[in-house]
Amino acid sequence: MSQVDANPQIEESWKAALLPEFKQPYFAQLKDFLVEERKQHVVFPPGAKMLEAFNVTPLHSVRVVILGQDPYHGPGQAHGLSFSVPDGIPKPPSLLNIFKEINADLGVTMPRGGNLEKWAQQGVLLLNATLTVRAHQAGSHQKKGWERFTDAAIKVVSDRQQGVVFLLWGAYAQAKAELIDGSKHHILKAPHPSPLSASRGFFGCKHFSKTNQILVGQGKAPIDWSIE
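What counts and how
- Residues numbered from 1 in each chain as written.
- Predicted model: local features only at pLDDT ≥ 70, side-chain atom pairs only at ≥ 80, totals over all residues.
- Heavy atoms only, no water.
- Helix = DSSP H or I, 4+ residues; strand = E, 2+ residues; numbered from the N terminus.
- Rg over C-alpha atoms; globule rule 2.2 N^0.38 Å.
- Buried < 20%, exposed > 50% of the residue type's maximum accessible area, 1.4 Å probe, protein only.
- Contact = heavy atoms within 4.5 Å.
- Areas by Shrake-Rupley, 256 points an atom, 1.4 Å probe, with all protein chains shown as cover.
- Lys, Arg positive; Asp, Glu negative; His and termini not counted.
- Charge placed at Lys NZ, Arg CZ, Asp CG, Glu CD.
- Pairing = 2+ DSSP bridges.
- Axes fitted to C-alpha atoms, helices over the stretch in contact; angles between N-to-C directions.
- Core = buried A, V, L, I, M, F, W, Y, C linked by side-chain atoms within 4.5 Å.
- Salt bridge = Lys/Arg side-chain N within 4 Å of Asp/Glu carboxyl O.

A.B. asks: An account of the overall build of the protein is requested, with residue identities and associated values reported.
C.D. replies: Broken down by element type, the protein carries eight helices and six strands. When the helices and strands of the protein are read in sequence order from the N terminus, they spell out α-α-β-α-β-α-α-β-β-α-β-α-β-α. Taken against the 2.2 N^0.38 rule, which gives 17 Å for 228 residues, the C-alpha radius of gyration of the protein at 17 Å falls within 12% of a compact globule. The principal-axis extents of the C-alpha atoms in the protein amount to approximately 45 × 35 × 30 Å. A burial count over the protein gives 55% of its 228 residues as buried. By sequence separation, contacts in the protein at least 24 residues apart represent 67% of the contacts at least 6 residues apart. Looking at the protein as shown, the accessible area adds up to about 9,900 Å², and 52% of this sits on carbon and sulfur atoms. Averaged over its 24 positive side-chain charges, the protein has a centre that lies 3 Å from the centre of its 20 negative ones.

Shown next, in the form of structure tokens:
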């Protein structure tokens, strides 16, 4: 459990910013919960990947935030980045719909894989509200402390960065808007890309071109939304 101990294995800028959270009683309780869970159940993602979103995208490089809810709960899918799957893993339906919208919006060819690490390396924080899940049990680690931790991370981005584009898809993500200073950041909202709601406005939202327009308007480089 070195990833959630007193000296968590997390990128230095995030480690400094989130140090108060690591010292809170709730985080110790979360750590204890995860230790017990891993004794009795299969938990995704692997321990070394729980904080991957922070490690791939340092705080000082965050330009875009895409908020998810839970890690994928199927074998081999979750690797610590919201909506992303490792190389060689089939694209889940929501991710497939994301790529469909990127294709319609920007003409980017549908990729073979679904690993979004290339986005994360460009400053796209791919953050789930809950960072672990029990295998095959969606939502099983909600309300155990992760949400408090990731809310703190969103607040840190809002407080310390400027002109970040927050993509809030679905009601759960949109509820996080209250953590974001809308006077210094940009909030784009759309329905969730899941098959249940994508046709209600996610398709056609053009969030990817809009994000790049906002970034370029600030003198920042656009995101290359292709992953291959």
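A.B. asks: Which residues make up the sheet that holds strand β5 (residues 165-169), and what values do they have?
C.D. replies: The strands making up a sheet associate through backbone hydrogen bonding, with each pair oriented either parallel or antiparallel. Pairing is parallel in the open sheet, where four strands are placed in the order β3-β2-β5-β6. Only two strands of the sheet have a single neighbouring strand rather than two, namely β3 (124-128) and β6 (186-190). Each strand axis lies, on average, 20° off the axis of its neighbour in the sheet, ignoring direction. Examined bridge by bridge, strand β2 (residues 64-68) and β5 share three bridges and lie parallel to one another. Across the sheet, the residue bridging to I66 is L167, located in β5. Each of β2, β3 and β5 touches helix α6 (residues 146-160); the most contacted strand, β3, lies at about 155° to it.

A.B. asks: Give a detailed account of the nonpolar core, specifying residues and quantitative values.
C.D. replies: Residues W14, L18, F54, I66, W119 and F149 are the most contacted members of the largest nonpolar core, which totals 64 residues. A per-element tally of this core places α6 first, with seven residues. Excluding its chain neighbours within four sequence positions, the residues that come into contact with I66 are S82, F83, W119, V124, L125, L126, L127, L167, W169 and W225.

A.B. asks: Describe the environment of F27, naming the residues involved and giving the relevant values.
C.D. replies: When you line up the elements, F27 lands in helix α2 (residues 25-40). Each C-alpha atom of the pair F27 and W146 lies 8.2 Å from the other, and the pair is 119 residues apart in sequence.

A.B. asks: Go over the pattern of salt bridges with me, naming the residues and quoting the values.
C.D. replies: One pass over the structure, following the stated rule, counts seven salt bridges. With its nearest N and O atoms 3.5 Å apart, the salt bridge here joins E228 to R112. Taken together, the residues span a long stretch of sequence, with E228 in the segment after α8 (207-217) and R112 in the loop between α4 (93-106) and α5 (117-121) at a distance of 116 residues. Linking D159 and K155 is a salt bridge whose minimum nitrogen-to-oxygen distance equals 3.2 Å. On the criterion of helical spacing, the pair formed by D159 and K155 is a turn pair, its members being four residues apart in helix α6. Residue class for D159 comes out partly exposed when judged on its relative accessible area of 45%. Overall, the relative accessible area of 38% leaves K155 in the partly exposed class.

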